[in-house]
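Here are the chains, one letter per residue:
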Amino acid sequence: MLNNKDIFNQSLVNHMYFASSIRSFCTTIGLTFFKNNQDYIDRAIAIGREATTIINQALSYMDKELASDVINSDTYITPYSMDLALLTEKLFSIDLEISIDKDQEILNTRNNYSITEEIINKIFKVNEDAERLINKFLSFVIEIRDKLNIGELFSYIYPDYFNYMYEEISVYQRDLARIKTKEDYTNFYINEYNYYFNELLRKTGEYLRGFLDTTHQDVFDLLSYYIDAFSKLIEKYLKNKNDLTLTEETERLVSNYKNFITDIIERLLKSELYFITPPISLDNFLTNINVYLYIIDYIKKGR
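Just so we're clear, the structure is a prediction, and the values are computed from it rather than from any experiment.

Caption draft 1: The overall build of the protein chain, seen in detail. The number of helices and strands found in the protein chain is eleven helices and two strands. Residues classed as buried in the protein chain amount to 54% of the 303 residues present. Taking the contacts inside the protein chain whose residues are at least 6 apart along the sequence as the reference set, 82% of them involve residues at least 24 apart. On the protein chain, roughly 13500 Å² of surface is accessible, and the fraction owed to carbon and sulfur atoms is 49%.

Caption draft 2: Just the packing of aromatic side chains, in detail. Tallying each qualifying case throughout the model produces 25 aromatic pairs. Measuring from centroid to centroid gives 4.1 Å for Y17 and F18, while their planes differ by 45 degrees, and the two rings are tilted. Of the residues examined, F18 reaches a relative accessible area of 3% and is grouped as buried. Ring geometry for F230 versus Y257: centroids 5.1 Å apart, planes at 75 degrees, classification edge-to-face. In this pair, F230 sits in helix 9 (residues 217-239) while Y257 sits in helix 10 (residues 246-269), placing the two residues 27 residues apart along the sequence. Accessibility assignment for this pair places F230 and Y257 in one class, buried. Linked through ring pairs, F25, F137, Y158, Y161, Y164, Y207, F211 and F285 together constitute an aromatic cluster.

Caption draft 3: Structural context of the packing of helix 1 (residues 4-30) against helix 11 (residues 280-300). Their axes nearest at 10 Å, the elements helix 1 and helix 11 cross at an angle of 160 degrees. With respect to each other, helix 1 and helix 11 are oriented roughly antiparallel. For helix 1 against helix 11, the interelement crossing comes out left-handed. For the pair helix 1 and helix 11, the contacting residues are D6, Q10, V13, Y17, S21, S24, F25, T27 and T28 in the first and I280, S281, N284, T287, N288, V291, Y294 and Y298 in the second.

Caption draft 4: Main features of the nonpolar core. By size, the foremost hydrophobic cluster in this structure holds 89 residues, and its most contacted members are I29, F137 and Y172. It is helix 6 (residues 117-149) that contributes the most residues to this core, 13 residues altogether. In contact with F137, other than residues within four places in its own chain, are I22, F25, C26, I29, I47, M165 and I169.

Caption draft 5: Region of the structure containing helix 10. Over its 24 residues, helix 10 extends 34 Å from the first C-alpha to the last, a length consistent with the 34 Å expected when each residue adds 1.5 Å. In the segment just after helix 10, S271 is the residue with positive phi, at about 65 degrees.

Caption draft 6: Looking closely at a nonpolar patch on the surface. A surface patch of nonpolar side chains, amounting to about 340 Å² of accessible area, comprises F34, F154 and Y156. Mapping F154 onto the fold places it in the loop between helix 6 and helix 7 (159-180). In this structure F154 comes out as partly exposed when scored by relative accessible area, which is 45%.

Caption draft 7: Up close: the confidence of the model for the protein chain. Put simply, the protein chain has an average pLDDT of 85, and 86% of its residues get 70 or more. Long-range and interchain partners of residues 102-109, a stretch whose pLDDT sits below 50, account for 25 contacts in this model, where long-range means more than four residues apart.

Caption draft 8: Expanded view of the environment of F285. Along the chain, F285 turns up in helix 11. Judged by its relative accessible area of 1%, F285 falls in the buried class. Expressed as a C-alpha distance, the spacing of F285 and K203, which sit 82 residues apart in the sequence, is 9.8 Å. Other than its neighbours up to four places away in sequence, F285 contacts Y161, Y164, T204, Y207 and L208.

Caption draft 9: Broad picture of the environment of K147. Looking at where K147 falls in the secondary structure, it is placed in helix 6. Judged by relative accessible area, K147 falls into the partly exposed class, the value being 26%. The sequence separation of K147 and P159 amounts to twelve residues, and the corresponding C-alpha distance is 9.1 Å. Once you skip the residues sitting within four places of it in the chain, K147 turns out to touch Y40, E152 and L153.

Definitions and limits used
- Residues numbered from 1 in each chain as written.
- Predicted model: local features only at pLDDT ≥ 70, side-chain atom pairs only at ≥ 80, totals over all residues.
- Heavy atoms only, no water.
- Helix = DSSP H or I, 4+ residues; strand = E, 2+ residues; numbered from the N terminus.
- Buried < 20%, exposed > 50% of the residue type's maximum accessible area, 1.4 Å probe, protein only.
- Contact = heavy atoms within 4.5 Å.
- Areas by Shrake-Rupley, 256 points an atom, 1.4 Å probe, with all protein chains shown as cover.
- Phe/Tyr/Trp six-rings, centres within 6.5 Å; stacked < 30°, edge-to-face > 60°.
- Axes fitted to C-alpha atoms, helices over the stretch in contact; angles between N-to-C directions.
- Parallel < 35°, antiparallel > 145°, perpendicular 65-115°, else oblique.
- Left-handed = near helix turned anticlockwise from the far one by under 90°.
- Core = buried A, V, L, I, M, F, W, Y, C linked by side-chain atoms within 4.5 Å.
- Expected span 1.5 Å × (residues − 1).
- Patch = residues over 30% accessible without salt bridge, like charges linked within 9 Å, V, L, I, M, F, W, Y side chains within 5 Å.
- Salt bridge = Lys/Arg side-chain N within 4 Å of Asp/Glu carboxyl O.
- pLDDT = per-residue confidence, 0-100.

And the structure:
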C-alpha cells in the first residue's frame, strides 16, 4: 500500500515524464503533416498545450522541490533536454515554449517533508485531468494510424511509430490506475513493467535505426545489437514471468543502452550524426531509459 509520500512522488514522476512525452509526441506529429492536414496539426498543438498544463500543475505542487532520488534520476528532464529542444526549434522554425523546461531545470532537493491530505487530494485531481488527456491523445494517435494504413493520410512518420506512442502512453494510463488504488509495485506490476519497458526500448532501437543516416554503419550495427538483446530479454520474461532475477540482467543491459543513447545524442548535438526525426525525439528515448532505471531502483530498495 502506497503512503502519501509515495503517491505524491510517483504521481509527479508520471506527469513530468509521460506528460512531457505527450508534449514531445505532439510536436513530432505536428511536424510530419503537410499544410493540407492543418486540422491534425492544430489538434496536435492543442493536445500538446494540455500536456504542458498538466506539467505546470505538477510543478506548482512541488514548490520547486522534489525528493533527491527523483531529481537525480533525470526522469523529468535530462542534461540534454534544453539543447535538443533548442536544436528542434532551430531546425524546424517552431516555438516549443521551452520556459517550462527551464522551470524543470531549477528544481531543488527536499527529502524531509510532509504531504498533507489536502495536497494528496490536489494530486489526485491532477491525475484525473491527466487521465482525460491520455484518453484524448490515445484516440488521436489511433485515428491517425488507422488513416495512414488505409491511405487517407500521409505522414513523414510510418504508422508503427504511432503504435509506439500508444504503447508508451498506455503505460502512463496503467500507472495512474495503480496509484489511484494506492497499490505499490507487486510482482505482477514488476513483471508487467519489465515486459513493457523492454518492448519500448527495443522499439526505440528500431526507430532510431530507421531514422538514421545510413552512412553510419557503426551506429546501425550497435542499434541492431540492442534490438536483438531486448528481444531476447522479452522472450525470457514471457517464459519466466515470476523470475525477478531477470531484473538484474535487464538493469545491466539498460544501463549500457543508456550510455549508447547518450553518446548518440552528444554526436547529434555536434552535427556528427543525423536522424530524420525531430531531435527532441531522442530526449524522449533517453527519458524512457531513465524512468525504467528509476523504477528498477525503486523496486530493488523495496520501498
